[in-house]
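Coordinate analysis (summary)
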Amino acid sequence: MTGSGHVPRDLPSIDRLLGDGAVASLLERYPRAAVRDALRAASDGVRQVLLRGDAVSSTLSKAIIDDASQRLEAAFRPGLVRVVNATGVVIHTNLGRAVLPPEAVAAVTRVATGYSNLEFDLESGRRGRRAAALETLLCELTGAEAACVVNNNAASILLILEALARGREVVVSRSELIEIGNAFRLPEVLERSGATLIEVGATNRTYPADYARVINERTALLLKSHSSNFRIIGFVREVTAAELATVGREAGVLTVIDLGSGALVDLPPLGLPYEPTVRECVQAGLDLVCFSGDKLLGGPQAGIIVGRREAVERCARNPLMRALRCDKMTLAALEATLSLYRDPGRMVEAVPVLRMLGAPLATLEPRARALAVRLSEALGEAVRVEVEPGRSLPGGGSLPGHDLPTWLVSLRSPLSEDAWAARLRHASTPVVVRVEEGRVVIDVRTLLPGDEDAIVAAALETVR
Ligand SMILES: *Cc1c(COP(=O)(O)O)cnc(C)c1O
């Protein structure tokens, strides 16, 4: 006999449940067929409970409807959600890389909620070139003759090799045959594009003469790649962009640099190490420079190719371009982000990636202290909340080997750090933290305005 005295025969029919007042609000939010399926699954669940002889604490209808409601909520929860990045990794590939400037979001909204002149020339009233204004802006910001934009920087490399090197030879230093992540390896991409890889130099040292020596009539281009996610230190000799350009010019072959992150501005004024900027590479005389839109640049996912007109146009005219071109939302976001770079005085504040990378310790410390106070008030005695200095990472293959001093809030409790981190990930607004020995760590560098509220709310959910 069950405690509540119910037996499976007492279960209400699905049709009766669909007429229940409590189901009306579900029917407003979800498709009728989904509500029916959820009620059926929930009813089966309650039947199993009753068959086991267990008690159902409320009325059968309420038990079924509550369960169906939870099932619907889970089934219709979006897969891609906003999370709080408390890791201190600014360009976090797994967490969506660059946070867009509000101006870029507004530009996306404008072109996405109405029609746009994507391929329409308002001057002549005829078909126009996609991204013409954006390309002009890229030339203005980099000093290049021409520009072309694709879906990501991996696509830039694919397009460049396909358009300029198919069936011919590409010369790369042994120290730069990189794997970028997700098994995108330069040697394999080269092979796929129908080009032959010619390796030169040694792992740690390559000289201009190494390139010059292998150039022949089959050589299509000399390719240099930024060592984004590693660094070789010690007895090292790297060929600079300018040296490579000289070798190429003298031999009459094209030169290309894949900058990876691609800084548009000087980094040392932001307190970051020197990286050659896109403009410097263009000035050094390389034919093509390619880089990502969503790394240091701080815009949407995109691959940007700039350089000499003839070489850029060969890429832009290649049939692959049709498959690799960006959609209007990306183009709008990129144009709006690049526009912010026209005002050097406002740029760092306006582009979140630059703002986070350049955030001074003097603003990070009070932020960490204020968050720690709120967290210890919320969490009580059982959790030890402390503020301590630490290190943040630029991430995204930018500035390899470089980290930034920061301030952290650390949480220690009887609960293991992994269990804490898991609970924070399951909060209504998931919070992704760093897990260090014996504690969970929140780096305030990557927090956006309002994230503190979400963290306190998530922490409260974890102890409830
Ligand atoms: C990140 C990176 C890429 C790939 O760029 P995506 O925009 O992620 O496709 C290619 N080359 C280098 C050197 C990189 O750092």
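Refer to the structure printed above.
Described below are features of the structure shown in this document.

Okay, the packing of aromatic side chains next. Inspection of the entire model under this criterion finds 1 aromatic pair. Each ring, one from Y30 and one from F76, has its centre 5.0 Å from the other, and the planes form 45 degrees; the classification is tilted. Taken together, the residues Y30 in the loop between helix 2 (21-29) and helix 3 (32-51) and F76 in helix 4 (residues 60-76) connect sequence positions 46 residues apart. Directly above the aromatic system of W407 lies the positively charged group of R369, at a separation of 5.4 Å from the ring centroid.

Attention now goes to the state of the cysteines. Overall, the coordinates contain 0 disulfides when judged by the stated rule. With no disulfide of its own, C139 has C148 as its nearest cysteine by sulfur position, at a separation of 11 Å. Since its relative accessible area comes to 16%, C139 is described here as buried. Here C148 is not disulfide-linked; the sulfur of C315 is the nearest cysteine sulfur, at 6.1 Å.

Our focus in this paragraph is the sheet that holds strand 16 (residues 439-443). The strands making up a sheet associate through backbone hydrogen bonding, with each pair oriented either parallel or antiparallel. Pairing is mixed in the open sheet, where 5 strands are placed in the order 2-12-13-16-15. On the outer flanks of this sheet lie strand 2 (89-91) and strand 15 (434-436), each paired with one strand and no other. Strand-to-strand twist in this sheet, taken as the mean axis angle between neighbours without regard to direction, amounts to 40 degrees. Looking at chain direction, strand 13 (residues 404-412) and strand 16 are connected through 4 bridges and run antiparallel.

Right, let's talk about the nonpolar core for a bit. Counting residues in each nonpolar core, the largest one holds 59 residues, and the members touching the most others are V289, F291, V306, L338 and Y341. At 5 residues, helix 6 (residues 132-142) tops the list of elements feeding residues into this core. Discounting chain neighbours no more than four positions away, the residues touching V289 are I257, L259, V278, C281, V282, I304, I305 and V306. Counting residues in hydrophobic clusters, the runner-up holds 30 residues, among them A155, I160, L161 and L324.

A word on the pairing of strand 6 (residues 169-173). Most of strand 6 sits out of view: 5 of its 5 residues are buried. What you see with strand 6 is no split at all: E169, V171 and S173 on one side and V170 and V172 on the other are buried throughout. Relative to strand 7 (residues 196-200), strand 6 is paired through 5 bridges, and the arrangement is parallel. Pairing of E169 across the sheet is with T196, part of strand 7.

Further remarks concern the pairing of strand 9 (residues 254-260). Across the 7 residues that make up strand 9, a large majority, 7, are buried. Burial along strand 9 is two-sided: the residues L254, V256, D258 and G260 and T255, I257 and L259 are all buried. In the sheet, strand 8 (residues 219-225) pairs with strand 9 via 5 bridges, with the strands oriented parallel. Pairing of K224 across the sheet is with I257, part of strand 9. Relative to strand 10 (residues 288-292), strand 9 is paired through 4 bridges, and the arrangement is parallel. Within the sheet, the bridge partner assigned to V256 lies in strand 10 and is L288.

Moving on to unusual backbone geometry. Positive phi outside glycine occurs at R97, with the angle close to 55 degrees. Structurally, R97 is set in the loop between strand 2 and helix 5 (102-112). The backbone of A131 sits at a positive phi, close to 70 degrees, despite the residue not being glycine. Topologically, A131 is positioned in the loop between strand 4 (126-127) and helix 6.

Structurally, the position occupied by S292 is in strand 10. Exposure remark for S292: the relative accessible area of 3% places this residue in the buried category. Aside from chain neighbours lying at most four places away, what touches S292 is R97, N153, G260, S261, L297 and A302.

With mixed pairing, 7 strands are arranged side by side in an open sheet as 5-11-10-9-8-6-7. The outermost strands of the open sheet, each flanked by one partner alone, are strand 5 (146-150) and strand 7. Strand-to-strand twist across the sheet, computed as the mean angle between neighbouring axes with direction ignored, equals 20 degrees. Of the strands in this sheet, strand 5, strand 9, strand 10 and strand 11 (303-307) touch helix 12 (residues 309-317), which is tilted by about 25 degrees from strand 5.

With that out of the way, let us pick up the packing of helix 7 (residues 153-165) against helix 12. For the pair helix 7 and helix 12, interaxial distance at closest approach is 9 Å and the crossing angle is 105 degrees. Put simply, helix 7 runs roughly perpendicular to helix 12. Packed against helix 7, whose contacting residues are L159, I160, A163 and L164, the element helix 12 presents A311, R314 and C315 at the interface.

Scanning all chains against the criterion turns up 36 salt bridges. A salt bridge links K224 to E238, with the shortest nitrogen-to-oxygen separation between them at 2.8 Å. One end of the pair, K224, is in strand 8; the other, E238, is in the loop between strand 8 and helix 10 (241-251), with 14 residues separating them in the sequence. With a relative accessible area of 5%, K224 lands in the buried category.

Before going further, it helps to examine the environment of T136. One can find T136 in helix 6. Once the C-alpha coordinates of T136 and A146 are considered, the two residues, 10 residues apart in sequence, prove to be 7.6 Å apart.

This part is about the environment of R71. Locating R71 in the fold gives a position in helix 4. A C-alpha to C-alpha distance of 35 Å links R71 and E436, two positions 365 residues apart in sequence. Not counting the four nearest positions on each side in its chain, R71 is found in contact with A38, A41 and A42.

Rules and cut-offs
- For every chain, the first residue of the written sequence is number 1, and numbering continues from 1 onward in sequence order.
- Totals for whole chains, interfaces and linings use all residues, but because this is a predicted model, local features are given only for residues with pLDDT of at least 70 and pairs of side-chain atoms are given and counted only at 80 or more.
- Hydrogen atoms and water are omitted, and side-chain values are computed over all heavy atoms in the structure.
- Think of it this way: a Phe, Tyr or Trp ring, Trp meaning its six-membered ring, pairs with another when their centres are within 6.5 Å, and the plane angle makes it stacked under 30 degrees, edge-to-face over 60, tilted otherwise.
- Note on conventions: DSSP H or I runs of at least 4 residues are helices, E runs of at least 2 residues are strands, and numbering of each starts at the N terminus.
- Our definition puts a charge over a ring when NZ of Lys or CZ of Arg is within 6 Å of the ring centre and also within 35 degrees of the ring normal.
- Put simply, a disulfide is two cysteine sulfurs that come within 2.5 Å.
- Partly exposed residues are those whose accessible area sits between 20% and 50% of the maximum for their type, while under 20% is buried and over 50% is exposed, using a 1.4 Å probe and protein chains only.
- By definition, two strands form a pair when at least two bridges between them are found by DSSP.
- Axis lines are fitted to C-alpha atoms, over the contacting stretch for helices. Their N-to-C directions set the angle, which ranges from 0 to 180 degrees.
- Only buried Ala, Val, Leu, Ile, Met, Phe, Trp, Tyr and Cys residues count toward a nonpolar core, and they belong to the same one when joined by side-chain atoms within 4.5 Å.
- Whether two residues are in contact is decided by their heavy atoms: any pair within 4.5 Å suffices.
- Roughly parallel here means an angle under 35 degrees, roughly antiparallel means over 145, roughly perpendicular means 65 to 115, and every remaining angle is called oblique.
- A side-chain nitrogen of Lys or Arg and a carboxyl oxygen of Asp or Glu constitute a salt bridge if their distance falls within 4 Å.

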